[in-house]
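If you want the building blocks of each chain, they are given just below.
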Amino acid sequence: MPDSQSQPSPWPPHSSGSSGQPDAAPLLLCGARLTDGRTVDVRVGGGRIEAVGTAGSLTPGPARASAARVDLGGYLLLPAPAEPHAHGDTTLSAEHPGPVSYAPEDVQRRATEAALLQLGHGATAVRAHVRVGDVQGLGALGAVLQARRSLRGLAELTAVAMPRLLTGVAGADGLAMLRDALKMGASVVGGCPDLDPDPTGYVEAVLEVASEHGCPVDLHTDAGDPARLSRLAAMAGGLRPGVTVGPCAGLARLPGEAAARLAEQLAAAGVAVVCLPQGGCGAAARRGAAPVRLLRAAGVRVAAGSGALRDVANPVGRGDPLEAAYLLASAHGLRPEDAYDAVSGSARAVLGLPEVRVEAGFPAELLAVRGDRLSGALSLAYSRVVVHRGRVVARTSAVREYCNSAAAAELGLPRQGRGELS
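Draft legend 1. Up close: the sheet that holds strand β13 (residues 302-304). If you walk across this open sheet you meet the eight strands as β6-β7-β8-β9-β10-β11-β12-β13, and the pairing is parallel. Each of the sheet's edge strands pairs with one partner strand only, and the pair in question is β6 (83-87) and β13. For this sheet the average axis-to-axis angle between neighbouring strands, irrespective of direction, equals 30 degrees. Examined bridge by bridge, strand β11 (residues 243-247) and strand β12 (residues 272-275) share two bridges and lie parallel to one another. By the bridge assignment, Val245 is partnered in β12 with Val273.

Written out as structure tokens, the structure reads:
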């Protein structure tokens, strides 16, 4: 993987590696660049940012001589992304022949590997949708919850329980399974009302269960039926802790006036939308992305997720939030700052997580990417350092090398390679 310049290894000497437990020692991030152009040191302790000062102005303090120091010269420091729309049970399954295995050991392995892959990209929190009922029962959910426990200290993984049916005779089992899933440890009620014979009844059942348990709602919908989405917004209005829908690609296929009216209804109801600019998570016939600019203009909170990660819905999915932000900027015309907010600030808000800023007092959930401007970072963000709960939990380094050339020597272009390429 290429990159623009070479830097010393930013892995802190006192990291506790893969133990899953945060380090006791504080952390000093040195020489990082912020989006406002300042170059700063950032001191972290107790999982929060303690101080931000000009480069060279901060020290660990006399009682903290053992603090880990990370050189972030040449890096841009940002609030960490969050992944609001993953699929914990089917992720990374495209490369295996035959039907997807829902054996608990297979699901746990895939869900863990996927969360670590996304952590390496910068996502310190992941919301994973998991189907319950049908063939897999509660086994896949149990496996994802086990993956969550094994990732503690590295990343936050939460599970959304997704029953297939909730209405009619067949839906009774799904409703019982949904309540059992919440007792097991799923923290969000989800599902796909578009697949139920009675979509309105499905939404009513979901909202009732969510109200009983005081948990958020996250529903899959293409949003191609204006009347159905309007009813959903009317029913969901004011529910706390909140309702999210996605990927809503069907909104982009509606006439402009109809889509604008629905966006206003979603905004008035406080319903957030998670779009999937890297590709959907369902049938190929429903591919596309929600009209993010229209939704934002109406006041809807729009977050961006990765969707399918190398499963049958998208066998080349990358699960990279910075790629999602890049696509929002390049294909949908968002400013880089707004595009990044969709995968960071807004994504964290959708997940019910506290706000993060690179300021004293805020959680130390941070991503450092090689570069000095956000636009460049979204374009070529190969090298990354990820901080979760005040600890460096992932690092990706990349170096580009060129063979010797007269043009490079004459123009004084930067070179990373120290040796000769043959």
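Picking up after the structure, the text goes on.
Draft legend 2. Representation of helix α1 (residues 104-121). In a regular helix each residue adds 1.5 Å, so 18 residues correspond to 26 Å; α1 covers 26 Å between its end C-alpha atoms and thus fits that length. Taken together, the buried positions of α1 are occupied by Val107, Arg110, Ala111, Thr112, Ala114, Ala115, Gln118, Leu119, Gly120 and His121. In the segment just after α1, Gly122 is the residue with positive phi, at about 130 degrees.

Draft legend 3. Expanded view of the pattern of salt bridges. For the coordinates displayed, the defined rule picks out 18 salt bridges. The salt bridge partner of Arg357 is Glu355, with a shortest N-O separation of 2.8 Å. The exposure class of Arg357 is partly exposed, given its relative accessible area of 36%. Ionic contacts of the salt-bridge type, sharing partners, join the residues Arg296, Arg335, Glu337 and Asp338 into one network.

Draft legend 4. Fine view of the pairing of strand β4 (residues 68-71). Burial along β4 is one-sided: the residues Ala68 and Val70 are buried and none of Arg69 and Asp71 is. Pairing of strand β1 (residues 27-33) with β4, which is carried by four bridges, proceeds in the parallel orientation. For Leu27, the partnering residue across the bridge sits in β4 and is Ala68.

Calculation notes
Residues numbered from 1 in each chain as written. Predicted model: local features only at pLDDT ≥ 70, side-chain atom pairs only at ≥ 80, totals over all residues. Heavy atoms only, no water. Pairing = 2+ DSSP bridges. Helix = DSSP H or I, 4+ residues; strand = E, 2+ residues; numbered from the N terminus. Axes fitted to C-alpha atoms, helices over the stretch in contact; angles between N-to-C directions. Expected span 1.5 Å × (residues − 1). Buried < 20%, exposed > 50% of the residue type's maximum accessible area, 1.4 Å probe, protein only. Salt bridge = Lys/Arg side-chain N within 4 Å of Asp/Glu carboxyl O.

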